[in-house]
Structure formats: C-alpha cells, structure tokens
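So you can see what is in the structure, the chains are spelled out below.
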Amino acid sequence: MSRISTAEYLGISPPSSDGTRTLPITHKTNGGGRGSLFGGVGLAAGVIALADAAGKPVVWATGQYVSTLFEPATLELTVDLPAVGRSVTQGRVSGHHGSEEIITVLGAAGARDELYRGSWDTSPDAAAPGACPDVGRRFEQPSIHHHTEVRIARGMFGFTGVGAPSGDNRTLLWARMPEVTPDAAMLAIIADFGPSAVGNALGQVVGITSLDNTIRYAEPIPAGTDWVLLDNRVEFVGNGFAKSSSMMWNEAGVLLATASQSMTVIPMPDVP
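Attention here is on the structure that accompanies the text. Predicted model, so just to flag it, every value in this text is computed and none were measured.

Within the protein chain one finds five helices and eleven strands. In terms of overall size, the protein chain behaves like a compact globule, its C-alpha atoms giving a radius of gyration of 18 Å where 272 residues would be expected to give roughly 19 Å. Considered along the principal axes of its C-alpha atoms, the protein chain spans approximately 50 × 45 × 45 Å. Buried positions account for 48% of the 272 residues belonging to the protein chain.

Looking now at the nonpolar core. If you look at the biggest cluster of nonpolar residues, it comprises 61 residues, and the most contacted ones within it are Leu 10, Leu 23, Leu 75, Leu 187, Ile 190 and Met 248. For this core, the element with the highest residue contribution is helix α3 (residues 39-54), accounting for nine residues. Leu 23 has contacts with Leu 10, Ile 12, Asn 30, Leu 37, Val 41, Ala 45, Ala 73, Thr 74, Leu 75 and Leu 77, leaving out every residue within four places of it along the chain. Cys 132, Leu 229, Trp 249 and Leu 255 belong to the second-largest nonpolar core, a separate cluster that totals seven residues.

To continue, consider the pairing of strand β9 (residues 228-238). When strand β7 (residues 170-176) meets β9, the two strands line up antiparallel, connected through six bridges. Each residue of the ladder has a partner; that of Leu 173, found in β9, is Leu 230. Bridging between β9 and strand β10 (residues 241-250) involves ten bridges; their strand directions are antiparallel. Bridge pairing in β10 links Asn 232 to Ser 246.

Our focus in this paragraph is empty space enclosed by the protein. Counted under the stated rule, the structure contains one cavity of 30 Å³ or more. Approximately 40 Å³ is the volume attributed to the largest cavity. Together, Ala 191, Pro 195, Asn 213, Ser 244, Ser 245, Ser 246, Ala 259, Ser 260 and Gln 261 line the largest cavity. When contributions to the lining of the largest cavity are tallied by element, the ones reaching two or more residues are β10 and β11 (255-267). Tallied by class, the residues present in the lining of the largest cavity amount to three nonpolar, six polar and no charged.

Let's shift gears to the environment of Asn 250. Within the secondary structure layout, Asn 250 lies in strand β10. Spatially, the C-alpha atoms of Asn 250 and Val 205 are 27 Å apart, while their sequence positions differ by 45 residues. The contact partners of Asn 250, leaving out residues within four places of it in the chain, are Pro 222, Thr 225, Trp 227 and Leu 256. Among the polar contacts listed, one links the side chain of Asn 250 to the backbone nitrogen of Ala 252, at a separation of 3.0 Å.

Conventions and cut-offs
- Residues numbered from 1 in each chain as written.
- Predicted model: local features only at pLDDT ≥ 70, side-chain atom pairs only at ≥ 80, totals over all residues.
- Heavy atoms only, no water.
- Helix = DSSP H or I, 4+ residues; strand = E, 2+ residues; numbered from the N terminus.
- Rg over C-alpha atoms; globule rule 2.2 N^0.38 Å.
- Buried < 20%, exposed > 50% of the residue type's maximum accessible area, 1.4 Å probe, protein only.
- Core = buried A, V, L, I, M, F, W, Y, C linked by side-chain atoms within 4.5 Å.
- Contact = heavy atoms within 4.5 Å.
- Pairing = 2+ DSSP bridges.
- 1 Å grid on protein atoms, 1.4 Å probe; cavity = no way out; pocket = protein on both sides within 12 Å on 5 of 7 lines; lining within 4 Å.
- Points joined across faces, edges and corners; volume = space filled by probe spheres on them.
- Nonpolar A, V, L, I, M, F, W, Y, C, P; charged D, E, K, R; others polar.
- Polar contact = N/O pair within 3.5 Å; in protein donor to acceptor, adjacent residues only side chain to side chain.

Nothing here speaks to function; it is geometry throughout.
Written as structure tokens, this is what we have:
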C-alpha cells in the first residue's frame, strides 16, 4: 500500500484566497470514537497549517482545546504570523466552526545551522511491535482508531485495559498509521495516545479529556521509519486532573519528538 501525507489523509484544503484552510470532521479520518474531533488531529492540523504558512518545519507547537466539535462539521483554520524572522517564525493557528472557537495552536517554525548537538536519553528496551498485543478499539463506529495501530509493550493501555498495570507511572506503546507517511503531523496524532498511561498508573481503565497538547520536535524523521515507540510517564494525578509526558523514538532508537499534556480524568465504571 502506498502511503500519503498526513495533510492528504486528513483532507486539509490548500489555503483559500484569504488564507483559510479547512479540515473536515468525519469519523473515518479524524474523528475520535465518540465522533468528535480527535485532539491529536487538531494539533496536527495546526502543525500542518503553521509549517505551510511559514515555509519552514515546525519546531514546537501547543494546542489549547477550547470547545468540542462533533461530526459532521468543518473546522476553519486561519494562520497569523506575528513574528517572521530570518530563521524562526512565530505563529498562531485559530480553528473555528462558524463563530465558535474550537482550538488555538501556538508554535514556532524554523531552520538554523547546527552549532551543537547532544541527546542524553536512550530509547528503552521494548519487544518488537509484532510481539506486543494490540490495544483494541473501544468503539465500533469507524474513527481514527481504525486507521492507527497501537500495541502495548509495557504496562496497561489505560483506555481499554489491554495489558497488565506496571505498578508505576510508565508505559511503552508502539504506534503507527499504516496509510500515512511518517511526518511531523503524524507524530502529533499518535502522541495523543500517550495519556493512556494515566489508567496504567491508577491500575484501572479511565477516560481523559485533553486541555492542552504540546509537541517538541527533535530530528527530522529518518527514511524507513515505520513504528514509533512512545515512552509515556504520568507526573501527577489529583484534583480531577492529570499531567503526562512522552518521549517518541523510532525503531532505530532515534529521538523524534517529546510530547506532554494536561487533562481531566473521567471514571469509566462501565468498563472492567
């Protein structure tokens, strides 16, 4: 199967005469299991729009989720570049449905000469993706979950209960989108599976609702990258909220990005 870019997969339009891009919200490509915009897709759309407008690769981006948008709907994306420099451009992407604000993405795009280099963490040992159980899909209707493969290498997948709680705050997940060529936007999508570590840390299946979602890119994705390993850690759960972070590696042990989120925690008594 030939792969396409994340922008093509999501169906993001080229900019119109006024610079507006559109993102269709459907179950099949970018809806979550309940039919709403999948949080990682919203951040990915911001990454795509910012990189396109700036003409440079995105260095970091953070999304603030203001409102929920259910399908069928169209998200309109507008880009503002308040600071355009020789090597770095600061940008803001606003996502609206009509007059309602859905998501705002802030970030920077740029390319600079490399004067220094260092990477002090190393990719954790994990069984190969094919030897790890598939996390399954909680919802039957078509959604982005049916176009994303996720396998648990350590701990329990806190959204479905696959695996066994690790007894600490850490999980390892393999993830890929078989139809998509790995790129910066795809990493933003699969990073949104990292907060499943909250259920593992608590030892029970829970749901979460993202308040923010941040990704910081390291290396350009090397050719031949397929699966991405997410090393997920939960820093805190309390007062109804949780904070988690992930380091994202390819199969060769190259650090691709880091990600973090703040979220609300939702009990799921109907799931064992």
